[in-house]
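# Coordinate inspection notes
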Amino acid sequence: MTANERRIAQLRERRTLDAAALAELLASLTPSEEELLYAQARAVREAVYGKDVYLRGLVEFTSYCRNDCLYCGLRRSNGRAQRYRLSSERILACCDTGYDLGFRTFVLQGGEDAGFGDELVCDLVRSIRAAHPDCAVTLSIGERPRSSYEAFFDAGADRYLLRQETSNPAHYALLHPSELSVEGRKRCLRDLKDIGYQVGCGIMVGSPWQTWDHVVEDLLWMRGFQPHMVGIGPFIPHADTPFAHKRAGTLADTLHLLAVIRLMLPEVLLPATTALGTIDPRGRELGMLAGANVVMPNLSPRDVRGKYLLYDGKICTGDEAAECCRCMARRMESVGYQVVVSRGDHARWAPGERGATQRQGESPRRVPMTPRPMSSLGI
């Protein structure tokens, strides 16, 4: 047994390794060792979630952003970015379409846009939940005060995605403007978890100046934080940013990290991201084979998909939602998995949870759902 084979066995058994062992594992995997790593990750994923793949219907509803992050195509300094805001009616129509296609989670994602204040976001969440009470609503709209997060949760939001991008303060400062800090980002994540959201964090793989030490710091921080979801994807440069000529993250590093995260956090909801599919035509399938169990097809209207460009080369910008859904189901079946009609909650999540701030006598408002094959809807 090689040193890395021993590390993989220890990681599965103990759900962690010390920092030096993690760094050595990630930096020195051979092809046979990475196949062992992926097989162990699949075994853990299937022990918790079986062969089910959960869909998240992504609605990219605004391309305006107040921030100036150096890697992002939507940064406020990018004068060539095409800005738009979807009306409430169009957002709700996207969700209606998605529901008919079998989606039971909707992800409202956008830049940090002051045009969507708390009241408008709350109205959107309430409207989606009224129309589709058996669905989950996920928000991915950046850093807000705790009071805003509480208002969104009270309106019916179930989950919140907020990637920290890197957990190291010095590295974070190289990627973001001075008014942002990783501690501020982590404070938001702690608030969200305390309120009772299913919380997602995550990192960019291969971002400029990233080292294996940074990645290990990320892994150990996430192991301590215990998120419900982890979203990772390769860094891909955008031509209209200061990082236009930086090297992209790699498929191999991203797959290795997906597998390691699955072994460290067996019950985590782990997407095979659009960015992974962008750097390799079979990226999302390979992500599944490395331990992922979530995919996020795009429900945004076709006329805006090509405008929401965080990075260059984004796939599926011209697809119809129905064709995208059918394509995703076929892709998952090709590697032995099955897209299901389900909210796809975290394995340990209980309906009505509200973290440390749950009120006495509060009744559950969420409706769990038994997964069923997407073929039951004729997809």
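Shown above is the structure to which this text applies.
What counts and how
Residues numbered from 1 in each chain as written. Predicted model: local features only at pLDDT ≥ 70, side-chain atom pairs only at ≥ 80, totals over all residues. Heavy atoms only, no water. Pairing = 2+ DSSP bridges. Helix = DSSP H or I, 4+ residues; strand = E, 2+ residues; numbered from the N terminus. Contact = heavy atoms within 4.5 Å. Axes fitted to C-alpha atoms, helices over the stretch in contact; angles between N-to-C directions. Expected span 1.5 Å × (residues − 1). Buried < 20%, exposed > 50% of the residue type's maximum accessible area, 1.4 Å probe, protein only. Arc of directions from axis to C-beta. Phe/Tyr/Trp six-rings, centres within 6.5 Å; stacked < 30°, edge-to-face > 60°. Polar contact = N/O pair within 3.5 Å; in protein donor to acceptor, adjacent residues only side chain to side chain. Core = buried A, V, L, I, M, F, W, Y, C linked by side-chain atoms within 4.5 Å.

The next thing to look at is the sheet that holds strand β5 (residues 159–161). Taken in spatial order, the six strands make up an open sheet running β2-β3-β4-β5-β6-β8, and their pairing is parallel. The strands lining the two open edges of the sheet, one partner per strand, are β2 (57–62) and β8 (229–230). On top of the sheet, helix α4 (residues 88–100) reaches β2 and β3 (105–110); it is set at about 150° to β3, its chief contact.

Looking now at helix α14 (residues 321–334). For α14, which comprises 14 residues, the first-to-last C-alpha distance of 20 Å matches the rise-based estimate of 20 Å (1.5 Å per residue) to within 8%. Listed in full, the buried residues belonging to α14 are Ala321, Cys324, Cys325, Met328, Ala329 and Met332. When α14 is viewed along its axis, its buried side chains cluster within an angular range of 135° and face the same direction. Of the exposed residues in α14, those oriented more than 90 degrees away from the buried face are Glu333 and Ser334. The inward-facing, buried residues of α14 contact β1 (52–55), α4, α12 (283–289), β10 (294–295), α13 (302–305) and β11 (338–341).

Take the packing of aromatic side chains next. For the coordinates displayed, the defined rule picks out eight aromatic pairs. Relative to Tyr54, the ring of Tyr49 lies with its centre 5.9 Å away and its plane at 90°, an arrangement referred to as edge-to-face. Both residues of the pair, Tyr49 and Tyr54, count as buried. Measuring from centroid to centroid gives 4.9 Å for Trp221 and Phe225, while their planes differ by 10°, and the two rings are stacked. Taken as a pair, Trp221 and Phe225 lie in helix α9 (residues 212–225) at a separation of four residues, close to a single helical turn. Considered together, Trp221 and Phe225 belong to a single accessibility category, that of buried residues. An aromatic cluster of three or more residues is present, and its members are Tyr149, Phe153, Tyr160 and Tyr197.

Here the focus is the environment of His238. Structurally, His238 is set in the loop between β9 (233–234) and α10 (251–264). The class for His238 is buried, based on a relative accessible area of 6%. C-alpha of His238 to C-alpha of Tyr71: the two residues are 167 residues apart in sequence and 7.0 Å apart in space. Not counting residues up to four positions away in its chain, the partners in contact with His238 are Tyr71, Gly73, Asn78, Ala244, Leu309, Leu310, Tyr311 and Asp312. In this structure the side chain of His238 is engaged in a polar contact, spanning 3.0 Å, whose partner is the backbone nitrogen of Asp240.

Attention shifts here to the environment of Gly283. Inspection of the secondary structure assignment puts Gly283 in helix α12. The exposure class assigned to Gly283 is buried, which follows from its relative accessible area of 0%. Those residues in contact with Gly283 that sit more than four places away from it in its chain are Leu251, Leu276 and Gly277.

To continue, consider the nonpolar core. Membership of the largest hydrophobic core comes to 99 residues, with the highest contact counts inside it found for Phe152, Tyr197 and Leu219. For this core, the element with the highest residue contribution is α10, accounting for eight residues. Leaving out residues up to four positions away in the same chain, Tyr197 has contacts with Tyr149, Phe152, Phe153, Ala157, Asp158, Arg159, Tyr160, Leu192 and His228. Core analysis: the next-biggest nonpolar cluster, separate from the first, contains 10 residues, Tyr49, Val107, Leu269 and Val340 among them.

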